[in-house]
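# Residue-level structural notes
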Amino acid sequence: MKTLIVYFSAEAGTTAAVAKQLAAEIRADLFEIIPEKPYTRADLNYMNPLARCNREKIANKDVPYQGDVSGFETYDTILLGFPIWYGGAPNVVNTFCSAHDFSGKKVYAFATSGGSPIGRTAEKLRPYVSGASFLDARLVHSAFDVKEWIA
């Protein structure tokens, strides 16, 4: 089984910490989704209805990202990490997923949150990972939570 951890981490870096620790522990490859135009603190202020994160989510906008995964087709399992935004993945994660073929892959979406529940994250992610043989999503607090779940 060849595993890739793909993650997007916002301001606090919580998701990045979980993804990096997990990659080291399970010896998985790692790819960080970095928006072409990085988010500022103001862009992420969801309390402001005019903040970039709110405008993108409400308008269902694609958010371009930098770089790409070499040999994506060779991975059997994708661990997809992100902070919860509006009860689902941030648009930049959806853009990444739409650009890749998930046919036959197992997808485990792990989300970090300061207080939001996992909600319907798997259901909302499903159209972006069409063809995946398995999809589940869970709220996690550590790499241990993810390891225990995927075991």
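Described below are features of the structure shown in this document. Since the structure is predicted, the reported quantities are computational estimates derived from the model, not experimental observations.

### Comments concerning the layout of surface pockets
- By volume, the largest pocket amounts to about 530 Å³.
- Lining the largest pocket are 21 residues, and of these Tyr46, Pro83, Ile84, Trp85 and Gly114 lie nearest its centre.
- For the lining of the largest pocket, the secondary-structure elements that each account for two or more residues are helix H1 (14–26) and helix H2 (52–59).

### Overview of the sheet that holds strand S1 (residues 3–7)
- Pairing in this open sheet of five strands is parallel, and the strands run S2-S1-S3-S4-S5 from one edge to the other. Strand pairing shows two members of the sheet lacking a second neighbour, strand S2 (29–32) and strand S5 (134–139), which therefore form its edges. Ignoring which end each strand starts from, the neighbouring axes of this sheet average 20° apart.
- Pairing analysis gives seven bridges linking strand S3 (residues 77–83) to strand S4 (residues 106–112), with the strands arranged parallel. Across the sheet, residue Ile78 finds its bridge partner in S4, namely Val107.
- H1 contacts S1, S2, S3 and S4 of the sheet and is inclined by roughly 170° relative to S1.
- Against the sheet, helix H5 (residues 143–150) engages S3, S4 and S5, with an angle of about 150° to S4.

Scoring rules and cut-offs
Residues numbered from 1 in each chain as written. Predicted model: local features only at pLDDT ≥ 70, side-chain atom pairs only at ≥ 80, totals over all residues. Heavy atoms only, no water. 1 Å grid on protein atoms, 1.4 Å probe; cavity = no way out; pocket = protein on both sides within 12 Å on 5 of 7 lines; lining within 4 Å. Points joined across faces, edges and corners; volume = space filled by probe spheres on them. Helix = DSSP H or I, 4+ residues; strand = E, 2+ residues; numbered from the N terminus. Pairing = 2+ DSSP bridges. Axes fitted to C-alpha atoms, helices over the stretch in contact; angles between N-to-C directions. Contact = heavy atoms within 4.5 Å.

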